[in-house]
Amino acid sequence: MNASNAQLSLYHPNSKGTGCAIKMKLVPAHDFDAGYIAVTLAPQLSVADSETGERVYPRFDWDNALTENLAFDDLTKLLQVFRGESETLEDGKGIFHRSTGKDGSATVIRLTHHIEPTSCYVLELSKRRLEDGDERRAHFAFMPSEALGIEIAIEDSFGVLCFGVPEIAD
């Protein structure tokens, strides 16, 4: 596998069909372009079914998934929540991104540490198209063990996010 195609994927389906899947892909810095982690959230489309005698697995809506690129500053703020230095991103306001591309959208990224009813970290992407106001949301709940793994992965990625992949001398 090519390292540039490597990504982390987690799936959280549920019996109500309100689950979500997340993919995270590390894009290293290159030349003068800073690196980032592309985060994609795909809401659950269907529930699992095994009553028909044939196992049907839950599906996720990758065609209409929400994707946002998280750069150095965004990732340091996520780490503050994962480490317990803050309960939410930017005091609950989240991080605001505005797209200058053809879709002309505004995205709010929120990460919140929840204690009740279950301890988890909820990442939410809310994207609104500026031309028509259409808004889509998706959220993924990290269990504490997943949050720990994500924290470590983000922290370990900072070298290549900032400086790219080191060249290996012959």
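Check the entry above for the structure.
Asks: Residue-level account of the overall build of the protein chain, with values.
Replies: Counting its secondary structure elements, the protein chain contains 2 helices and 9 strands. Start at the N end of the protein chain and walk to the C end: the helices and strands fall as β-β-β-β-β-α-β-β-β-β-α. When the 170 residues of the protein chain are sorted by exposure, 36% land in the buried category. Taking the contacts inside the protein chain whose residues are at least 6 apart along the sequence as the reference set, 46% of them involve residues at least 24 apart. For the protein chain, the computed accessible surface area is about 10,600 Å², with 51% contributed by carbon and sulfur atoms. The distance from the centre of the 16 positive side-chain charges to the centre of the 27 negative ones in the protein chain is 6 Å.

Asks: Give a detailed account of the layout of surface pockets, specifying residues and quantitative values.
Replies: By volume, the second largest pocket is sized at about 210 Å³. Surrounding the second largest pocket, H12, N14, T18, G19, C20, C120, H139, F140, A141 and M143 form its lining. In terms of residue count, the dominant contributor to the lining of the second largest pocket is strand β9 (residues 135-142) (3 residues). A breakdown of the residues in the lining of the second largest pocket according to their chemical character gives 5 nonpolar, 5 polar and no charged.

Asks: Which residues make up the packing of helix α1 (residues 72-82) against helix α2 (residues 144-163), and what values do they have?
Replies: For the pair α1 and α2, the least separation of the axes is 10 Å and the interaxial angle reads 155°. Our classification of the angle between α1 and α2 gives roughly antiparallel. In the crossing of α1 with α2, the sense of the turn from one axis to the other is left-handed. Across the interface between the two elements, F72, L75, T76, L78, L79 and F82 from α1 touch A147, I150, E151, I154, E155, F158, L161 and C162 from α2. When the residues that make up the contact of α1 with α2 are grouped by side-chain class, the tally is 11 nonpolar, 1 polar and 2 charged.

Asks: Could you give me a rundown of the sheet that holds strand β6 (residues 95-98), with the residues and numbers involved?
Replies: Spatially, β6-β7-β8-β9 is the arrangement adopted by the 4 strands of the open sheet, whose pairing is antiparallel. Looking along the sheet, the strands with just one partner apiece sit at the ends: β6 and β9. Strand-to-strand twist across the sheet, computed as the mean angle between neighbouring axes with direction ignored, equals 15°. Two strands pair when backbone bridges link them, and β6 and strand β7 (residues 105-114) are joined in this way by 4 bridges, in the antiparallel orientation. Each residue of the ladder has a partner; that of I95, found in β7, is I109.

Asks: I'd like a rundown of the state of the cysteines, residues and numbers included.
Replies: Across all of its chains, the model carries 0 disulfides by this definition. With no disulfide of its own, C20 has C120 as its nearest cysteine by sulfur position, at a separation of 13 Å. Judged by its relative accessible area of 4%, C20 falls in the buried class.

Asks: Describe α2, naming the residues involved and giving the relevant values.
Replies: Side chains of residues three or four places apart in an α-helix project in the same direction, reflecting 3.6 residues per turn. Taking 1.5 Å per residue as the helical rise, α2 with its 20 residues ought to reach 28 Å, and the 30 Å between its terminal C-alpha atoms agrees with that figure. Residue S157 marks the point of greatest curvature in α2, where the axis turns by about 40°. Taken together, the buried positions of α2 are occupied by E146, A147, I150, E151, I154, S157, F158 and L161. Where the residues of α2 are buried, they touch β1 (8-12), β2 (20-27), β3 (36-46), α1, β8 (120-129) and β9.

Asks: Can you explain empty space enclosed by the protein? Please cite residues and give values.
Replies: A full pass over the atoms with the stated rule returns 1 cavity of 30 Å³ or more. The calculated volume of the largest cavity comes to roughly 40 Å³. Every residue lining the largest cavity is listed: M24, V39, L70, L78, F82, L111, L123, F142, I150 and I154. For the lining of the largest cavity, the secondary-structure elements that each account for two or more residues are α1 and α2. Looking at the lining of the largest cavity residue by residue, the classes come out as 10 nonpolar, no polar and no charged.

Rules of the game
Residues numbered from 1 in each chain as written. Predicted model: local features only at pLDDT ≥ 70, side-chain atom pairs only at ≥ 80, totals over all residues. Heavy atoms only, no water. Helix = DSSP H or I, 4+ residues; strand = E, 2+ residues; numbered from the N terminus. Buried < 20%, exposed > 50% of the residue type's maximum accessible area, 1.4 Å probe, protein only. Contact = heavy atoms within 4.5 Å. Areas by Shrake-Rupley, 256 points an atom, 1.4 Å probe, with all protein chains shown as cover. Lys, Arg positive; Asp, Glu negative; His and termini not counted. Charge placed at Lys NZ, Arg CZ, Asp CG, Glu CD. 1 Å grid on protein atoms, 1.4 Å probe; cavity = no way out; pocket = protein on both sides within 12 Å on 5 of 7 lines; lining within 4 Å. Points joined across faces, edges and corners; volume = space filled by probe spheres on them. Nonpolar A, V, L, I, M, F, W, Y, C, P; charged D, E, K, R; others polar. Axes fitted to C-alpha atoms, helices over the stretch in contact; angles between N-to-C directions. Parallel < 35°, antiparallel > 145°, perpendicular 65-115°, else oblique. Left-handed = near helix turned anticlockwise from the far one by under 90°. Pairing = 2+ DSSP bridges. Disulfide = S-S within 2.5 Å. Expected span 1.5 Å × (residues − 1). Bend = angle between axes of the 7 residues up to and from the residue.

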